[in-house]
Amino acid sequence: MTDLFLAKEDIRKACIFDLDGVIVDTAKYHFVAWRNLANSLGFDFTERENEKLKGVSRIDSLNLILEWGGMNFSEKVKANLAFSKNEDYLSYIKEMDESEILPNVVGILEGIYKNPNYKIGLGSASKNAKLILDQVGLTKYFDFIVDGSMVTHGKPHPEGFLLAASEMKVLPENCIVFEDAPKGVEAALAARMFTVGIGREDDLGHAHLVMADFSKTTFAEIEDFFLGLV
Ligand code: B16
Ligand code: MG
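In this text the structure is predicted, and so the values were computed from the model without any measurement.

Running from amino to carboxyl end, helix H1 (residues 27-40) crosses helix H4 (residues 75-93) at an angle of 140°, the nearest separation of the two axes being 9 Å. With respect to each other, H1 and H4 are oriented oblique. In terms of crossing hand, the pair formed by H1 and H4 is right-handed. Residue-level contacts link Tyr29, His30, Val32, Ala33, Trp34, Asn36 and Leu37 of H1 to Leu81, Ser84, Lys85, Asp88, Tyr89, Tyr92 and Ile93 of H4.

Before going further, it helps to examine the nonpolar core. One finds Phe17, Ile23, Leu138, Phe142, Phe178 and Phe214 to be the most contacted residues of the largest nonpolar core, which totals 39 residues. When residues in this core are grouped by element, the largest group, four residues, is from helix H5 (residues 105-113). Here this core gathers at least three residues from each of two domains, domain 1 (2-25 + 100-229) and domain 2 (27-93). With residues near it in sequence (within four places) discarded, Ile23 still touches Phe17, Asp18, Glu100, Ile101, Leu102, Val105, Leu122, Leu133, Leu138 and Phe142. Within the second largest apolar cluster, 14 residues are counted, among which are Ile16, Phe161, Ala164 and Ala191.

This part takes up the coordination of the magnesium ion (ligand 2). Donor atoms from the polypeptide that bind the magnesium ion (ligand 2) are Asp18 (OD), Asp20 (O) and Asp180 (OD), placed at 2.0 to 2.1 Å. Donor residues binding the magnesium ion (ligand 2) come from one chain and are separated in sequence as D-x1-D-x159-D. In this pair, the class of Asp18 matches that of Asp20, namely buried.

As for its placement among the helices and strands, Glu51 is situated in helix H2 (residues 47-51). Considering only alpha carbons, one finds Glu51 and Ala188, 137 residues apart in sequence, at a separation of 19 Å. One polar contact links Glu51 to Lys54, side chain to side chain, over a distance of 3.2 Å.

The next thing to look at is the site of ligand 1. Around ligand 1 sit 18 residues, and of these Val56, Ala125, Ser126, Lys127 and Asn128 come closest. Between ligand 1 and Asp18 there is a distance of 3.0 Å, counted from an oxygen atom to a side-chain nitrogen or oxygen. Leu53 places a polar main-chain atom, nitrogen or oxygen, 3.0 Å from an oxygen atom of ligand 1. Across the complex, the protein chains shield 98% of the 470 Å² of accessible surface that ligand 1 would expose by itself. In terms of residue class, the shell around ligand 1 is built from five nonpolar, seven polar and six charged. Counting contributing residues, the shell around ligand 1 receives three or more from each of domain 1 (2-25 + 100-229) and domain 2 (27-93).

Further remarks concern the sheet that holds strand E3 (residues 144-146). The six strands lie next to each other as E3-E2-E1-E4-E5-E6, forming an open sheet whose pairing is parallel. Two strands close off the open sheet at either side, each with one partner strand: E3 and strand E6 (209-211). Looking at each pair of strands side by side, their axes are set apart by 20° on average, direction ignored. The pairing of strand E5 (residues 194-198) with E6 spans three bridges and is parallel. Directly across from Gly197, in E6, lies its bridge partner Val210. Strands strand E1 (13-17), strand E2 (118-123), E3 and strand E4 (175-179) of the sheet are contacted by helix H7 (residues 159-167), whose axis makes an angle of about 160° with E3. Lying over the sheet, helix H8 (residues 182-190) contacts E4 and E5, oriented at roughly 170° with respect to E5.

About the criteria used
Residues numbered from 1 in each chain as written. Chains lettered and ligands numbered in written order. Predicted model: local features only at pLDDT ≥ 70, side-chain atom pairs only at ≥ 80, totals over all residues. Heavy atoms only, no water. Axes fitted to C-alpha atoms, helices over the stretch in contact; angles between N-to-C directions. Helix = DSSP H or I, 4+ residues; strand = E, 2+ residues; numbered from the N terminus. Parallel < 35°, antiparallel > 145°, perpendicular 65-115°, else oblique. Left-handed = near helix turned anticlockwise from the far one by under 90°. Contact = heavy atoms within 4.5 Å. Core = buried A, V, L, I, M, F, W, Y, C linked by side-chain atoms within 4.5 Å. Buried < 20%, exposed > 50% of the residue type's maximum accessible area, 1.4 Å probe, protein only. Domains from an automatic or database assignment. Donors = N, O, S within 2.8 Å, 3.2 Å for Na, K, Ca; no water. Polar contact = N/O pair within 3.5 Å; in protein donor to acceptor, adjacent residues only side chain to side chain. Near = heavy atom within 4 Å. Areas by Shrake-Rupley, 256 points an atom, 1.4 Å probe, with all protein chains shown as cover. Nonpolar A, V, L, I, M, F, W, Y, C, P; charged D, E, K, R; others polar. Pairing = 2+ DSSP bridges.

Printed below as a string of structure tokens:
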């Protein structure tokens, strides 16, 4: 660890959250909607395969699923397939409310929000990110939201996290990223940010710190961990 996390009194720090798998579990709705599409094309795929779609953009997810089904289509047909999957997905998203926020996410957001040294950003691959945050009532916590429509390169490229940091006027080395996808952790590390993996150590061991979820921690404890690295 060569990077130095700035001292407590420095005001320009930020936390950047991934959305799906960190704040809410929308993966289950992606799975249903992609599976409906695959079934309509005459094939199926498993929940285990669905794991590989976490953090992957919509069009890249479609390309992977079509590969699993041994199918290929023109770009125009693929755009139509992605559109119809998203319409199906949105029918689930529109039913979401605050009961779907993952355990203690609000406690962690409150802890950061009350700390004047920190800004809060979102770095999601989802083009529906703003809608989802609105649905679950969390938009008010965020200083800047990067969604899938604002980046050219998907994770593991660091573009999304770097954009969030620069819009919040915070140096990358003063950001803590929360990510559930191995490629998302790679993206945060490529951005030279401190990284908390939310999920299994086996998948996310490359993060600086890994926890199953937020239920057994506070933001003060997480900050202390990174201050202790200095
Ligand atoms: P959309 P995240 C990602 O969200 C999901 O993990 C991934 O499964 C999905 O394909 C991607 O968003 C694009 O979503 O179709 O809504 O644009 O984990 O980066 O917050
Ligand atoms: Mg995710």
